[in-house]
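# Fold and contact review
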Amino acid sequence: FVIYVRLRGIDKDLSWGRYLFSGRMSTMSVVQKLLEGDVLMRRITFPEGLTIRETARRVHSQGLGIYEIFLELCKDPDFAYQITGFEVPTLEGFLYPDTYLFAEGVSEEFIIRQMVNEFFIKTSTLQLPEEFNLGFYEMIILASIIEKEATFSDEKPMIASVFLNRLSIGKRLQADPTIAYALSKHGIRRSTIFYVDLEIDSPYNTYRRAGLPPTPICSPSIMSMQAVLEPAESDFLYFFADGRGRHIFSRTYQEHLNKQRALRSRS
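The paragraphs below set out a description of the structure included in this document. Keep in mind that this is a model prediction, so the values were computed, not measured.

### Re the state of the cysteines
- Applying the stated rule across the entire model yields 0 disulfides.
- Here Cys74 is not disulfide-linked; the sulfur of Cys218 is the nearest cysteine sulfur, at 14 Å.

### So, the packing of helix 4 (residues 67–74) against helix 6 (residues 108–123)
- Axis separation between helix 4 and helix 6 bottoms out at 9 Å; the angle between their running directions is 50°. Relative to helix 6, the element helix 4 is oriented oblique. Relative to helix 6, helix 4 is oriented so that their crossing is right-handed. For the pair formed by helix 4 and helix 6, the contact residues are Ile69, Phe70, Leu73 and Cys74 on the first element and Glu108, Glu109, Ile111 and Ile112 on the second.
- Here the contact of helix 4 with helix 6 is composed, by residue class, of 6 nonpolar, no polar and 2 charged.

### Points about the packing of aromatic side chains
- Evaluated as defined, the whole model comprises 17 aromatic pairs.
- With a centroid separation of 5.6 Å and 10° between ring planes, the pair formed by Tyr100 and Phe102 is classed as stacked. Each member of the pair, Tyr100 as well as Phe102, is classed as buried.
- By way of ring pairs, the aromatic residues Phe86, Phe94, Phe119, Phe120, Phe136 and Tyr137 are connected into one cluster.
- The ring of Tyr238 carries the charged tip of Arg166 above its face, separated from the ring centre by 5.2 Å.
- In this structure, Arg246 is placed above the aromatic ring of Phe152, and the distance from its NZ or CZ to the ring centre is 4.1 Å.

### Some details on the nonpolar core
- With 69 residues, the main nonpolar core has Leu91, Ile112 and Phe163 as its most contacted residues.
- Counting residues per element, this core draws most heavily on helix 7 (residues 136–149), which supplies 8 residues.
- Sequence-distant contacts of Phe163, defined by excluding residues within four places in its chain, comprise Leu142, Ile145, Ile146, Glu149, Leu173, Ala175 and Phe239.

### Comments concerning the packing of helix 3 (residues 52–61) against helix 4
- Running from N to C, helix 3 and helix 4 point in directions that differ by 145°, and their axes come no closer than 8 Å. For the pair helix 3 and helix 4, the crossing hand works out as right-handed. Contacts between helix 3 and helix 4 involve Ile52, Arg53, Thr55, Ala56, Arg57, Val59 and His60 on the former and, on the latter, Tyr67, Phe70, Leu71 and Cys74.
- In terms of residue class, the contact of helix 3 with helix 4 is built from 7 nonpolar, 2 polar and 2 charged.

### With respect to the pairing of strand 4 (residues 247–250)
- Pairing of strand 3 (residues 238–241) with strand 4, which is carried by 4 bridges, proceeds in the antiparallel orientation. Looking across to strand 4, one finds that Tyr238 is bridged to Ser250.
- With antiparallel pairing between neighbouring strands as the criterion, strand 3 and strand 4 make up a hairpin whose turn holds 5 residues, including Gly243 at a positive phi of roughly 85°.

### With respect to helix 6
- Across its 16 residues, helix 6 extends 23 Å between first and last C-alpha, which sits within 8% of the 22 Å expected from 1.5 Å per residue.
- Looking only at helix 6, the buried set comprises Glu108, Ile111, Ile112, Met115, Val116, Glu118, Phe119 and Thr123. Buried residues along helix 6 cover an arc of 155° about the axis, so they all sit on one side.

### Observations regarding the pattern of salt bridges
- One pass over the full model with this rule turns up 15 salt bridges.
- The closest approach of N and O atoms between Asp242 and Arg244, which form a salt bridge, is 3.7 Å.
- Taking relative accessible area as the criterion, Asp242 reaches 14% and is therefore assigned buried.
- A salt bridge links Lys259 to Glu255; the shortest N-O distance between them is 2.9 Å. Linking Lys259 with Glu255, this pair stays in helix 11 (residues 253–266), spanning 4 residues, or about one helical turn.
- Residue classification places Glu255 among the partly exposed positions, given a relative accessible area of 22%.
- Each of Arg18, Arg42 and Glu104 takes part in one network of salt bridges that share partners.

### Section: the layout of surface pockets
- Approximately 250 Å³ is the volume attributed to the second largest pocket.
- Forming the boundary of the second largest pocket are 14 residues, of which Asn133, Leu134, Leu164, Leu167 and Ser168 lie nearest the centre.
- Elements with a minimum of two residues in the lining of the second largest pocket: helix 8 (156–168) and helix 10 (222–229).
- Broken down by element, the residue count for the lining of the second largest pocket peaks at 3 residues, all from helix 8.

Basis of the calculations
- Residues numbered from 1 in each chain as written.
- Predicted model: local features only at pLDDT ≥ 70, side-chain atom pairs only at ≥ 80, totals over all residues.
- Heavy atoms only, no water.
- Disulfide = S-S within 2.5 Å.
- Axes fitted to C-alpha atoms, helices over the stretch in contact; angles between N-to-C directions.
- Helix = DSSP H or I, 4+ residues; strand = E, 2+ residues; numbered from the N terminus.
- Parallel < 35°, antiparallel > 145°, perpendicular 65-115°, else oblique.
- Left-handed = near helix turned anticlockwise from the far one by under 90°.
- Contact = heavy atoms within 4.5 Å.
- Nonpolar A, V, L, I, M, F, W, Y, C, P; charged D, E, K, R; others polar.
- Phe/Tyr/Trp six-rings, centres within 6.5 Å; stacked < 30°, edge-to-face > 60°.
- Buried < 20%, exposed > 50% of the residue type's maximum accessible area, 1.4 Å probe, protein only.
- Lys NZ or Arg CZ within 6 Å of the ring centre and 35° of its normal.
- Core = buried A, V, L, I, M, F, W, Y, C linked by side-chain atoms within 4.5 Å.
- Pairing = 2+ DSSP bridges.
- Expected span 1.5 Å × (residues − 1).
- Arc of directions from axis to C-beta.
- Salt bridge = Lys/Arg side-chain N within 4 Å of Asp/Glu carboxyl O.
- 1 Å grid on protein atoms, 1.4 Å probe; cavity = no way out; pocket = protein on both sides within 12 Å on 5 of 7 lines; lining within 4 Å.
- Points joined across faces, edges and corners; volume = space filled by probe spheres on them.

This is the structure in structure tokens:
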């Protein structure tokens, strides 16, 4: 094998990686496989709505990287600026949710770069409307909240309209997913938010602080971002979950309370 590749002058052209060789193969066939870089690939899916911590756990569980190294890179502001061009504290929101194929043995940095690159490919066609009050990064932040709020995609534009309406009049978002994210940074995971949780002292507490949180709270899909850019036309300011994955919308707080009581009375 060594003599063969050296005589052909291709010993420096063989691609590194882990390969799968099956059956009886000639030296020529083996060399051709190494020249083509036909390495063993691993498929991994990152669903919408994962945080950088959850993404790191998935990478680690699939044997494609080390959790601590992946997370440390994602939380490095210098690295984040290098690959995004944004001065942001973390890569939260930039790891695009999709199915990827990675060669075994690739580095954590390679995986992150591929996911961020996919994010910019997917968002390259998005256009901020002329009369849009949010910047690109702020759009990602709001899209990440919508991603966690909506169970059904067809509701995303309406949920976006509620949040944009509230922002336009200086009303706090009061979004439960931001509370859940704040709790997760303290190692607390909750599927249901309690009243006591609303008192948490955090910049992600949108019940106590006006405006958007400082960063996205997960990796949003392109549909959530489009919902922010093309929201439904409404004057709704409130909504709540109906217990079946859908939401009920209201214009006033009194209407909001009345609909909640009506729903409870039917239960």
